[in-house]
Amino acid sequence: MEILEVKTILEDHIIKELFGYYMEHPWQMPNEYMEIVYREGTQRGVCDYVACMTDAYAVKAYQKLYIPPFFDGIDWQLWFKKEKMHFLCRNVRSYGEKK
């Protein structure tokens, strides 16, 4: 599997999870999108909200919803460099250093 395929799979997963969450919890969206929900339906409001998210905002929203609270002290960053995907975890010692 190529790096770009993994990136696409990850992006698809985040978008699908956020869409599913906000379909079940539309009141968690900002008021401007709730107005769309009332006028045009939940699916349209959620679609517009998720579509307007930047990559960074979508990752943060996903982390807030799906990463357990005991990881709150970790500074997670998702970044892309030269067509490679890297997950960085700062301020956390590696497993070997904890011993």
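From a predicted model like this one, the values you see are computed outputs, not experimental measurements.

*Asks:* Is there a simple way to think about the overall build of the protein in this case?
*Replies:* Scanning the protein from terminus to terminus reveals 5 helices and 2 strands. Along its sequence from the N terminus, the protein presents helices and strands in the succession α-α-α-α-β-β-α. Here the protein holds 99 residues, and the buried ones make up 21% of them. The contacts in the protein between residues at least 6 apart in sequence include a share of 43% that link residues at least 24 apart. About 7,900 Å² of surface is accessible on the protein, with carbon and sulfur atoms providing 54% of the total.

*Asks:* Before we go on, may I ask you to explain the packing of helix H2 (residues 31-40) against helix H3 (residues 42-51) in this structure?
*Replies:* When two helices pack together, you describe them by how their axes are tilted relative to each other and by the distance separating the axes. Packing of H2 against H3 brings their axes to within 7 Å, and their N-to-C directions diverge by 150°. The angle between H2 and H3 places the two elements in the roughly antiparallel class. Crossing handedness for the pair H2 and H3: right-handed. Contacts between H2 and H3 pair Tyr-33, Ile-36, Val-37 and Glu-40 from the former with Thr-42, Arg-44, Gly-45, Asp-48 and Tyr-49 from the latter. Of the residues assigned to the contact of H2 with H3, the class counts are 4 nonpolar, 2 polar and 3 charged.

Basis of the calculations
Per chain, residue numbering runs from 1 following the sequence as it is written. Residue-level local features of this predicted model are given only where pLDDT is at least 70; pairs of side-chain atoms are given and counted only at 80 or more, and the full residue set underlies all totals for whole chains, interfaces and linings. The basis for every side-chain value is the complete set of heavy atoms in the structure, and neither hydrogens nor water enter the calculation. Under the scheme used here, helices are H or I runs from DSSP no shorter than 4 residues and strands are E runs no shorter than 2 residues, and both carry numbers assigned from the N terminus. Categorising residues by exposure relies on relative accessible area from a 1.4 Å probe, with only protein chains included: less than 20% of the type maximum marks a residue as buried, more than 50% marks it as exposed, and the intermediate range marks it as partly exposed. Residues are treated as being in contact if the distance between any of their heavy atoms lies within 4.5 Å. Accessibility throughout is a Shrake-Rupley quantity obtained with a 1.4 Å probe, and a residue counts as covered only by protein chains that appear here. Simply put, an axis is a line fit to the C-alpha atoms, just over the touching stretch for a helix, and the angle between two N-to-C directions goes from 0 to 180 degrees. We call two directions roughly parallel when the angle between them is under 35 degrees, roughly antiparallel when it is over 145, roughly perpendicular when it lies between 65 and 115, and oblique otherwise. Should the near helix be turned counterclockwise from the far one by less than a right angle, the crossing is left-handed, whereas a clockwise turn marks it as right-handed. We call Asp, Glu, Lys and Arg charged. Ala, Val, Leu, Ile, Met, Phe, Trp, Tyr, Cys and Pro are nonpolar, and the rest, Gly among them, are polar.

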